[in-house]
Amino acid sequence: MTQALPLALKRSLVFLWLVFLLLLALVLGVALGAVSLPVGEVVSALLGLKENPIVTEMRLPRVLGGMLVGAALGVAGASFQGLFRNPLADPYLMGSAAGAAFAVTLLAAFLGGLSPAFAQHAVFQSLPLSATLFGFFGALLATLVTLVLAGGAARTGELVLAGVVVGSVLTGATTYLMLQDADRVRAVFAYTLGNLAFLGWPGVKALLLFFLVAFPPLLLLGRVLNALQLGEDVAKSLGLPLEGLKLLLLLAASLLVAAAVAQAGIIGFVGLITPHLLRRFLGEDYRLLLPASALGGAALLALADLLARTLTRPAELPVGVVTTLLGGPFFLYLMWRRRGRA
Amino acid sequence: MEGLEAKGIVGPYALLGVGLAVRPGEWVALLGPNGSGKSTLLRVMAGLLRPRAGGVFLEGKPLRAYGSYARGRLLAYLPQGGPYPEGLLVEEVVRLGRLPHLGLWGREGREDVEAVEWALEVTGASRFRGRYLGSLSGGERQRVLLARALAARPRYLLLDEPTTFLDLEYQGGLLALFQNLVAKGMGILSVLHDPNQAALAGRVAVLKGGRLLAEGRPEAVLTEALLQNLYGPGVRVAHLMGRPHVYLDG
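Bear in mind that the values here come from a model prediction, so they are computed numbers and not experimental data.

K.L.:
Honestly, unusual backbone geometry in this entry has me stumped. Any pointers?
P.N.:
Residue and element names in this part refer to chain A. Across the junction of R313 and P314, the peptide omega takes the value 5 degrees, indicating a cis bond. Not every positive phi belongs to a glycine, and R85 is a case in point at roughly 50 degrees. Despite not being glycine, F269 has its phi angle at roughly 75 degrees, a positive value. Mapped onto the secondary structure, F269 falls in the loop between α13 (242–264) and α14 (270–282).

Next comes the structure, spelled out in structure tokens:
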């Protein structure tokens, strides 16, 4: 028992630190951009003391929406990793994000032509709910195909390979759909690369809705994810109705991926890196790791978007480019370390 | 009829019609060469594999008639090797053993805490309760995983090679623990590959090629003829203090 207290303290500090990081990202995210605002003005606008349309209509939905996308990806990543007992499972690497993107693009293509929809982002403004639901089936289907190709989730190499294949094929198909109107390729491309620039209040509301639907069940199943780490036989022998629970976990995580992709395109590596970084401090108790991944993913993506908006000011980079540029090397580092241990 | 009983198990994999029973207060060791179907039979009796023919009965009722949590409260299963949660604290791992009593969302009560404490204590795992499972040695880890199985306070314990990774001291401790648990009324069925460990059990069942070759008290079953049939002509049996001791003639 002597060790329990410092550990509990350490874990609480991790959560406090995450909340602090999130608030910092919120204030900086609203303050910085093409035009910088003084921090005092930002804080009073955020607290509703002073009206500032740049804050409330432009930056706030983008920052909050970005945080929700990051939270969704962080939680989905942690859930996939726990569900498949594979630390490299991730919505991006398993093709489920590409599946969602393909389904959303397909929906946009069928709804009265592709180009006007993307030019004004009308699909995402007016139909965020149906876009997410459509993306949900895309994500689910892509995940299942990846799992079938990999022959289950046990072998990391096969899983990553199958995910890359499924992701590439679906991304190719998405690109083909988008190229049907070459004039708009630039705007469309920015979406596939992962971009928070399209986010407005309707998108934020949609994200919040789906997050509130999918996150609580995952959180409640944290104990199941813990038990799954003992292997499926043991989890079953403990009485858990595993088939149904695994499906529920897969559905909830896919819904989060779809919600994120429908609003912001494919943003890689947030779902992989966030739980990984947090495991170092929190271990692998999913009852802690899932909420921490929500906070951490939110902060990570908001900070990445800050870089995306300021690195090439006044122009912007798609945030997916930033996360991939930072996340790719990190992924290689993880692979290298795993090989070192094996 | 009290006990966990497999009757006429055919398939999956190698099993060609096997019957085996464990009674409360009895330790049965399942012995046999690699690929003889020991682990498969254990998984069938744990309700994890469905046989092509035959059935498993728990206290006289078909095992399948039990709800999964009810089954989990009566039977605990510990596989050989298999994955384990490196990043969970030892205490958390052992607490997972209470899932059959708690279900998905039950809150831990006094009884649960006591069972976890007891399991940590008897396996000698309480010393590292606050450490991550991944930081332990193979032998320490094996004791934690056994504590997880015991934490359910099951009536029957199904163990696949539980002494793997344990050094001689802890092998001895574990086998003494089995005798202790059995004396308190638990039924234990353990797959073992070492005939000398099996000799400590109350009863030995020998499996070869998916069939039950012999069954009975260790001194009656573990004969030189049977062991040579299992493991080849170099095997010898000596008797020390009334118990068979198996060695290889070099």
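From this point, things continue past the structure.
K.L.:
So what exactly am I meant to see when it comes to the sheet that holds strand β2 (residues 16–22) of chain B here?
P.N.:
Pairing between the strands of a sheet comes from backbone hydrogen bonds, and it takes one of two forms, parallel or antiparallel. All names here are of chain B. The four strands are arranged β2-β1-β4-β5 in an open sheet whose pairing can be described as antiparallel. The open sheet has two free edges, formed respectively by β2 and β5 (61–62), since each of these has just one partner strand. Pairing geometry for strand β4 (residues 53–58) and β5, over two bridges, is antiparallel. Across the sheet, the residue bridging to L58 is K61, located in β5. Along the sheet, helix α1 (residues 38–45) makes contact with β1 (4–10), β2 and β4, crossing β1 at roughly 120 degrees.

K.L.:
For this particular structure, what's the right way to read the pairing of strand β9 (residues 203–208) of chain B?
P.N.:
Consecutive residues of a regular strand have side chains that alternate between opposite faces of the sheet. Residues and elements named next belong to chain B. Burial of β9 is extensive: five of the six residues sit out of reach of the surface. As defined by bridge partners, strand β3 (residues 27–31) adjoins β9 across four bridges and the pair is classed as parallel. Within β9, the residue paired with A29 across the bridge is V204. As defined by bridge partners, β9 adjoins strand β10 (residues 211–216) across five bridges and the pair is classed as antiparallel. Within the sheet, the bridge partner assigned to L207 lies in β10 and is L212.

K.L.:
Explanation requested: the interface of chain B and chain A in the structure shown.
P.N.:
It is common to report an interface's size as the accessible area lost on association of the parts. Between chain B and chain A, the contact holds 25 residues from the first and 24 residues from the second. Listing elements by their share of the side of chain B that touches chain A, those giving two or more residues are α2 (68–74), β6 (75–78), α3 (90–96) and α4 (99–102) of chain B. By residue number, the principal contributor to the side of chain B that touches chain A is α2(B), which donates four residues. A per-class count over the side of chain B that touches chain A returns 17 nonpolar, five polar and three charged.

K.L.:
What should I look at first to understand the nonpolar core in this one?
P.N.:
Across soluble globular proteins, nonpolar side chains have a tendency to be buried as a group. Counting residues in each nonpolar core, the largest one holds 182 residues, and the members touching the most others are A:A72, A:L256, A:A259, A:V261, B:L30, B:L41 and B:L158. Of the residues forming this core, the biggest block, 15 residues, is contributed by helix α3 (residues 53–83) of chain A. If we ignore the near neighbours within four places in the chain, the residues touching A:V261 are A:A97, A:A100, A:A101, A:V104, A:G135 and A:I266.

Cut-offs and rules
- Residues numbered from 1 in each chain as written.
- Chains lettered and ligands numbered in written order.
- Predicted model: local features only at pLDDT ≥ 70, side-chain atom pairs only at ≥ 80, totals over all residues.
- Helix = DSSP H or I, 4+ residues; strand = E, 2+ residues; numbered from the N terminus.
- Pairing = 2+ DSSP bridges.
- Contact = placed C-beta atoms within 7 Å.
- Axes fitted to C-alpha atoms, helices over the stretch in contact; angles between N-to-C directions.
- Buried ≥ 20, exposed ≤ 12 C-beta atoms within 10 Å, placed from the backbone.
- Nonpolar A, V, L, I, M, F, W, Y, C, P; charged D, E, K, R; others polar.
- Core = buried A, V, L, I, M, F, W, Y, C linked by C-beta atoms within 7 Å.

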